[in-house]
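# Reading the structure
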Amino acid sequence: MPTNAESPNQRTSASGYDLTPPSAVEREELAASLTADERRVILYQGTEAPFCGGLLANKDAGVYHCRLCDLPLFRSATKFESGTGWPSFYAPFDPDHVAVHRDTSHGMVRDEIVCARCGGHLGHVFPDGPRPTGLRYCLNSVSLKFVVDGDAHA
């Protein structure tokens, strides 16, 4: 939910959302509702198998939020069919909402994307996407919660 009242330790995105990280206790409370597979992916940088994610074929209008902390991450208007087996987007809801970290696991060098508020693992970003950005944000469905346009948190 956008906020305008900022405390000294609070960070706000360009679109007005609070980016203050949850405390360790708050993060554990948020994680308590995750399934085992969601925990494996979001908290431990796992990956779901290709072509089986629940949001891969979703074509509804709305916003994809962080499954852990509910920060809006991607709009359905930026989703595209990449053929990779994971939901793919060419631009985030707000660039401030997604953080990028170098990932050298599994003998590869990639750019991992995480939620900028809670640090939950989302997937990876690659420089082979469509115009206008040329980027492909490749996400795990279990890292996301879809909110249909018109719902309270969209």
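Because the structure is a prediction, the values reported are computed rather than measured.

### A closer look at the nonpolar core
- Counting residues in each nonpolar core, the largest one holds 27 residues, and the members touching the most others are Cys66, Leu68, Leu71, Leu73, Phe74, Tyr137 and Leu139.
- At the level of secondary structure, the elements contributing two or more residues to this core comprise strand S1 (62-66), strand S2 (72-75), strand S6 (110-115), strand S7 (121-126), strand S8 (136-139) and strand S9 (144-148).
- Setting aside residues no more than four positions away along its own chain, Leu73 makes contact with Val63, Tyr64, His65, Cys66, Pro92, Phe93, Asp94, His97, Val98, Cys115, Leu122 and Leu144.

### Observations concerning the pattern of salt bridges
- Taken as a whole, this structure holds six salt bridges when the rule is applied.
- Between Asp37 and Arg40 there is a salt bridge, with its nearest N and O atoms 2.7 Å apart. Here Asp37 and its partner Arg40 are both found in helix H2 (residues 36-42), three residues apart, which amounts to about one turn of the helix.
- Arg110 is the salt-bridge partner of Asp103, the closest N and O atoms lying 3.2 Å from each other.
- For Asp103, a relative accessible area of 11% puts it in the buried group.

### Points about the packing of aromatic side chains
- Evaluated as defined, the whole model comprises five aromatic pairs.
- Centre to centre, the rings of Tyr17 and Phe93 are 5.8 Å apart; their planes meet at 85°, and the pair counts as edge-to-face. Within this pair, whereas Tyr17 is found in the segment before helix H1 (24-31), its partner Phe93 is found in the loop between strand S4 (88-89) and strand S5 (98-103), the two being separated by 76 residues in sequence. For the pair formed by Tyr17 and Phe93, the shared burial category is buried.
- Three or more aromatic residues link up through ring pairs in this structure, and these residues are Tyr64, Phe74, Phe89, Tyr137 and Phe146.

### Focus: the confidence of the model for the protein chain
- Looking at the protein chain, the pLDDT average stands at 92 and 92% of residues meet or exceed 70.
- Between residues 1-6, whose pLDDT stays under 50, and residues either more than four places distant or in other chains, the model counts 14 contacts.

### Points about the sheet that holds S5
- Taken together, six strands build an open sheet; the order of strands is S3-S4-S8-S7-S6-S5 and the sheet is antiparallel. Each edge of the sheet is formed by a strand with only one pairing partner; in this case those strands are strand S3 (79-80) and S5.
- One ladder, built from two bridges, connects S4 with S8; its direction is antiparallel. Counted as the bridge partner of Ser88 is Cys138 from S8.

Definitions and cut-offs
- Residues numbered from 1 in each chain as written.
- Predicted model: local features only at pLDDT ≥ 70, side-chain atom pairs only at ≥ 80, totals over all residues.
- Heavy atoms only, no water.
- Core = buried A, V, L, I, M, F, W, Y, C linked by side-chain atoms within 4.5 Å.
- Buried < 20%, exposed > 50% of the residue type's maximum accessible area, 1.4 Å probe, protein only.
- Helix = DSSP H or I, 4+ residues; strand = E, 2+ residues; numbered from the N terminus.
- Contact = heavy atoms within 4.5 Å.
- Salt bridge = Lys/Arg side-chain N within 4 Å of Asp/Glu carboxyl O.
- Phe/Tyr/Trp six-rings, centres within 6.5 Å; stacked < 30°, edge-to-face > 60°.
- pLDDT = per-residue confidence, 0-100.
- Pairing = 2+ DSSP bridges.

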